[in-house]
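# Secondary and tertiary structure notes
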Amino acid sequence: MKSFATLPPVALWVFAALLGLPALYDLFVAFSRGWLAGIFFATGPLMMAAYLAWCAWQRKAGRSALIASPRATLVGYICFGAFAGSFLVKIMTQGF
């Protein structure tokens, strides 16, 4: 059975950083300006980055079976859906 995160741990950490660091910056800017939509837009990438970091941590510890479990896969799909949904809403409301 294929799990949600089958990349090597290094690639998972890189993708988590590429998603998480800009999202953290956007989140802090949104909080400082009191912009609720910005908080919404940063939540999806942060969820995905946290999930990828968790998967990298579990793969490094040798717990690949935990990542392949149905519950972890469902959480991965939920995080990806939140990421894609916030991205699509941002594009529809603000453009690129």
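Residues numbered from 1 in each chain as written. Predicted model: local features only at pLDDT ≥ 70, side-chain atom pairs only at ≥ 80, totals over all residues. Heavy atoms only, no water.

### Section: the packing of helix α1 (residues 9-33) against helix α2 (residues 36-60)
At a minimum axis distance of 7 Å, the contact between α1 and α2 shows a crossing angle of 155 degrees. Between α1 and α2, the interaxial angle falls into the category roughly antiparallel. The element α1 and its partner α2 pack so that their crossing is left-handed. Across the contact of α1 with α2, the residue classes tally to 22 nonpolar, two polar and three charged. (Axes fitted to C-alpha atoms, helices over the stretch in contact; angles between N-to-C directions. Helix = DSSP H or I, 4+ residues; strand = E, 2+ residues; numbered from the N terminus. Parallel < 35°, antiparallel > 145°, perpendicular 65-115°, else oblique. Left-handed = near helix turned anticlockwise from the far one by under 90°. Nonpolar A, V, L, I, M, F, W, Y, C, P; charged D, E, K, R; others polar.)

### So, the nonpolar core
Of all hydrophobic cores here, the largest spans ten residues; its members are L12, A16, M48, Y51, L52, C55, A56, I67, A72 and C79. Breaking this core down by element, the ones donating at least two residues are α1, α2 and α4 (70-94). In this structure L52 touches L12, F15, A16 and L19, once residues within four positions along its chain are discounted. (Core = buried A, V, L, I, M, F, W, Y, C linked by side-chain atoms within 4.5 Å. Buried < 20%, exposed > 50% of the residue type's maximum accessible area, 1.4 Å probe, protein only. Contact = heavy atoms within 4.5 Å.)

### Structural notes on the packing of aromatic side chains
Applying the stated criterion across every chain, the model contains four aromatic pairs. Ring plane angle 50 degrees and centroid distance 6.4 Å describe the contact between F80 and F83, whose orientation is recorded as tilted. Taken as a pair, F80 and F83 lie in helix α4 at a separation of three residues, close to a single helical turn. Since its relative accessible area comes to 43%, F80 is described here as partly exposed. Residue F83 is classed as partly exposed on the basis of its relative accessible area, which comes to 23%. Put simply, the rings of W35, F40 and F41 touch in pairs and so form one group of aromatic residues. (Phe/Tyr/Trp six-rings, centres within 6.5 Å; stacked < 30°, edge-to-face > 60°.)

### Here we look at the environment of A16
Along the polypeptide, A16 turns up in helix α1. When the C-alpha positions of A16 and L52 are compared, they lie 5.5 Å apart, and in sequence the two are 36 residues distant. Setting aside anything within four residues of it in sequence, one finds A16 in contact with L21, A49, L52 and A53.

### What about the confidence of the model for the protein?
Of all residues in the protein, 93% attain a pLDDT of 70 or more, and the chain-wide mean is 90. Ranking the elements of the protein by mean pLDDT puts helix α3 (residues 64-67) last, at 86, and α1 first, at 94. (pLDDT = per-residue confidence, 0-100.)

### Details of α4
Here α4 spans 36 Å end to end across 25 residues, near enough to the 36 Å set by a 1.5 Å rise per residue. Among all positions of α4, only A72, T73, G76, C79 and S86 are buried. Elements that come into contact with the buried residues of α4 comprise α2 and α3. (Expected span 1.5 Å × (residues − 1).)

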